[in-house]
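# Coordinate inspection notes
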Amino acid sequence: MALPKKTSKLTAVATAVALAVAPMSALAQQAKGPPVIRDTEAEQLLREYTRPILRSAGLEKQNIQIVIINESVFNAFVADGRRIFVNYGAMMQSETPNQIIGVMAHETGHLAGGHLSKMREQMAQAQTQLIIAMLLGAGAMVAGSRGGNSNSGLANAGAAVVAGPQEMIRRTLISYVRQQEENADRAGVKFLNATGQSAKGMYETFKRFTNDSLFAARGADPYVQSHPMPAERVAALEEMARSSPYWDKKDDPALQLRHDMVRAKISAFMERQDTVYRRYPLSNDGLPARYARAITTYLHGDLRSALAQIDGLIQVQPNNPYFYELRGQALLEGAKPAEAIAPLRKAVSLSNNAPLIEMLLGQALVATDNKAYTEEAIAILRAAVARESEAPLGYAQLAMAYGRKGDFAQADLASAQAAFLRGDNKTARELASRAKTRFAVGTPGWVKADDIVAAKPLPGQNSN
Ligand SMILES: [Zn+2]
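Residues numbered from 1 in each chain as written. Predicted model: local features only at pLDDT ≥ 70, side-chain atom pairs only at ≥ 80, totals over all residues. Heavy atoms only, no water.

### Remarks on the overall build of the chain
- If you tally the helices and strands in the chain, you get 23 helices and four strands.
- Among the 464 residues that make up the chain, the fraction classed as buried is 49%.
- Surface accessibility of the chain: about 21500 Å² in total, with carbon and sulfur atoms responsible for 55%. (Helix = DSSP H or I, 4+ residues; strand = E, 2+ residues; numbered from the N terminus. Buried < 20%, exposed > 50% of the residue type's maximum accessible area, 1.4 Å probe, protein only. Areas by Shrake-Rupley, 256 points an atom, 1.4 Å probe, with all protein chains shown as cover.)

### Section: the side chain of Arg-233
- Within the secondary structure, Arg-233 is located in helix H11 (residues 231–242).
- Within polar-contact distance, the side chain of Arg-233 engages the side chain of Glu-181 at 3.5 Å. (Polar contact = N/O pair within 3.5 Å; in protein donor to acceptor, adjacent residues only side chain to side chain.)

### Concerning unusual backbone geometry
- If you check the backbone angles, Asn-63 has positive phi at about 55° while not being a glycine.
- A relative accessible area of 63% means that Asn-63 is categorised as exposed.
- Even without a glycine there, the phi angle at Asn-352 is positive, about 55°.
- Following the sequence through the fold, Asn-352 ends up in the loop between helix H17 (337–350) and helix H18 (355–367).

### Section: the packing of helix H16 (residues 321–333) against H17
- Viewed as axis vectors pointing N to C, H16 and H17 meet at an angle of 160°, and their least axial separation amounts to 8 Å. In terms of orientation, H16 lies roughly antiparallel with respect to H17. The interaxial crossing formed by H16 with H17 has left-handed handedness. Listed contacts from H17 to Pro-321, Tyr-324, Glu-325, Arg-327, Gly-328, Gln-329, Leu-331 and Leu-332 of H16 are Pro-337, Glu-339, Ala-340, Pro-343, Leu-344, Lys-346, Ala-347 and Leu-350.
- Of the residues that constitute the contact of H16 with H17, the class distribution is ten nonpolar, two polar and four charged. (Axes fitted to C-alpha atoms, helices over the stretch in contact; angles between N-to-C directions. Parallel < 35°, antiparallel > 145°, perpendicular 65-115°, else oblique. Left-handed = near helix turned anticlockwise from the far one by under 90°. Contact = heavy atoms within 4.5 Å. Nonpolar A, V, L, I, M, F, W, Y, C, P; charged D, E, K, R; others polar.)

### A short note on the packing of aromatic side chains
- Under the definition given, this model contains five aromatic pairs.
- Each ring, one from Phe-77 and one from Phe-85, has its centre 5.1 Å from the other, and the planes form 10°; the classification is stacked.
- On the accessibility criterion, Phe-77 (16% relative accessible area) is buried.
- The interplanar angle of 70° and the centroid separation of 5.3 Å between the aromatic rings of Tyr-291 and Phe-323 together place this pair among those described as edge-to-face. Of this pair, Tyr-291 sits in helix H14 (residues 287–299) while Phe-323 sits in helix H16, and the two are 32 residues apart along the sequence. (Phe/Tyr/Trp six-rings, centres within 6.5 Å; stacked < 30°, edge-to-face > 60°.)

### Brief notes about the pattern of salt bridges
- Scanning the entire structure with this criterion turns up 22 salt bridges.
- One salt bridge in this structure joins Arg-233 and Asp-185, with 2.6 Å as the shortest N-O distance. Pair noted here: Arg-233 is in helix H11 and Asp-185 is in helix H7 (residues 153–194), with a separation of 48 residues, a long-range link. The two residues Arg-233 and Asp-185 agree in class, both being buried.
- Between Asp-311 and Arg-327 there is a salt bridge, and its shortest N-O distance comes to 2.8 Å. Taken together, the residues span a long stretch of sequence, with Asp-311 in helix H15 (residues 303–316) and Arg-327 in helix H16 at a distance of 16 residues.
- Among the residues examined, Asp-311 registers a relative accessible area of 32% and is labelled partly exposed.
- Several salt bridges converge on common partners, so that one network encompasses Arg-38, Glu-43 and Glu-388. (Salt bridge = Lys/Arg side-chain N within 4 Å of Asp/Glu carboxyl O.)

### Re the sheet that holds strand E2 (residues 65–69)
- The strand order across the open sheet formed by four strands is E1-E2-E4-E3, and the pairing between neighbours is mixed. At either margin of the open sheet sits one strand with a lone partner, and together these are strand E1 (36–37) and strand E3 (76–78).
- Note: E2 against strand E4 (residues 83–87), five bridges, orientation parallel. Opposite Gln-65, over in E4, you have Arg-83 as the bridge partner.
- Contacts from helix H3 (residues 40–56) reach E1, E2 and E4, with the element oriented near 130° to E2. (Pairing = 2+ DSSP bridges.)

### Describing the pairing of E4
- Buried residues dominate E4, accounting for five of its five residues.
- Taking every second residue as pointing to the same face, both faces of E4 are buried, with Arg-83, Phe-85 and Asn-87 on one and Ile-84 and Val-86 on the other.
- Here E3 pairs with E4 via three bridges, running antiparallel. Directly across from Ala-76, in E4, lies its bridge partner Val-86.
- Counted between consecutive antiparallel strands, the loop separating E3 from E4 contains four residues, among which Gly-81 sits at a positive phi close to 75°.

### Focus: the packing of H3 against helix H5 (residues 97–112)
- Viewed as axis vectors pointing N to C, H3 and H5 meet at an angle of 45°, and their least axial separation amounts to 10 Å. Between H3 and H5, the angle falls in the class oblique. As H3 runs across H5, the sense of the crossing is right-handed. Contacts from Leu-46, Tyr-49, Thr-50, Ile-53 and Leu-54 of H3 reach H5 at Pro-97, Ile-100, Ile-101, Met-104, Ala-105 and Thr-108.
- Counted by class, the contact of H3 with H5 contains nine nonpolar, two polar and no charged residues.

### Regarding the confidence of the model for the chain
- Overall, the prediction assigns the chain a mean pLDDT of 83, with 76% of residues at 70 or greater.
- Counting interchain partners and residues more than four positions distant, the pLDDT-below-50 stretch residues 1–31 has 76 contacts.
- Scored below 50 in pLDDT, residues 460–464 shows 14 contacts in the model against residues more than four places distant or in partner chains. (pLDDT = per-residue confidence, 0-100.)

### Comments concerning helix H20 (residues 392–405)
- Its 14 residues place the ends of H20 20 Å apart at the C-alpha level, agreeing with the 20 Å of an ideal helix rising 1.5 Å per residue.
- Considered for burial, the residues of H20 that qualify are Pro-392, Leu-393, Gly-394, Tyr-395, Gln-397, Leu-398, Ala-399, Ala-401 and Tyr-402.
- Summarising the contacts, the buried residues of H20 are in contact with H18, helix H19 (374–387) and helix H21 (408–422). (Expected span 1.5 Å × (residues − 1).)

### Some details on the environment of Leu-381
- Topologically, Leu-381 is positioned in helix H19.
- Overall, the relative accessible area of 0% leaves Leu-381 in the buried class.
- Spatially, the C-alpha atoms of Leu-381 and Gln-363 are 8.6 Å apart, while their sequence positions differ by 18 residues.
- When neighbours within four sequence positions are excluded, Leu-381 is seen to be in contact with Glu-358, Met-359, Gly-362, Val-366, Gly-394, Gln-397 and Leu-398.

Next comes the structure, spelled out in structure tokens:
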């Protein structure tokens, strides 16, 4: 995804909904790839990190999603009460599972505290106060200028009245945010204690961001901006964290390895090749280093060497679905779709039918141009999009499979769904309108097409 020319690196997909809420910086930097990173291995690990915390927060039924944002700086935030957003940079900068788990616990504290809706109320209230203050101030200024002398004390008093309440409101908001942060810290530590985990990682991470640290001095870090970290907050967190019986509890070595594998994968996909080799030099024969080098070798075009390295990885962990996924992806992108099918089948089965991997398998089946695979491809892709309805890749491949079968109504509908998820509403409407003419009125396909024709663009999205 850092490499926009190739298609399915990390199976990077921009979802329409995620686009609507992605931070401006992500939208402004479209050139470097889509705003959201999709990868089964990374998502699965983050889900496992977060699941016990959500459960202890009483949020396990809410189906909270974890979304990985294509940003290298450290950030994590909640924006809509349904998703926790994490920059891939936060994964890269978290050296242990416990560090990123602490961040997720803090964010869950915001979710559980309903801080989002409260914040909105507070903002609305502040805005009202501001308008009243402006009216009062403007009145004073008008009164001053009527006196004929714009430098009169009264006119200046008007300006002061405007500035005064604004500053007051700003301070109110800051203290409100600070309060929310402290509440989220407390809730986060509580969730960690309840799940038998240490809050040391959360403390270590936040300590890095204290107001007098280098991070804060840099000023541009989004996490510092949204998470003011005065020294007393970090001190309070440290005290809470140290009083836990789990303070010294270490991460499970198997989990640490999975964490290191995901960081190696992110580095290999997102960073320059020389950076990857600096982090993971040939002298390092650990599994994460070998994983990173295998990926960067395939990305930079040496398929034969990449496959040999991947086979070496499979020898060490013969039941790791992501090694087979990587093998299949390398072959698929190396224009060998028929050879990609076997490893992708294995990856699908070892991952308990992970939908993003099913989409890759569907893509390989379609790419063979072998009609014998068409029905199977359709069945697999339909199952995948039913469980993963925000990834346009599945619908795009489904459209090709239906086209091959000569089912142009379903092909148009699937193309329309893919366009809609990419945020291209104009194309989505055109294709859905055409699909409607191919289906009998009132059939399920017709209804779905009609929904797309009638759909309003999501907020923040262009209507074209
Ligand atoms: Zn926070």
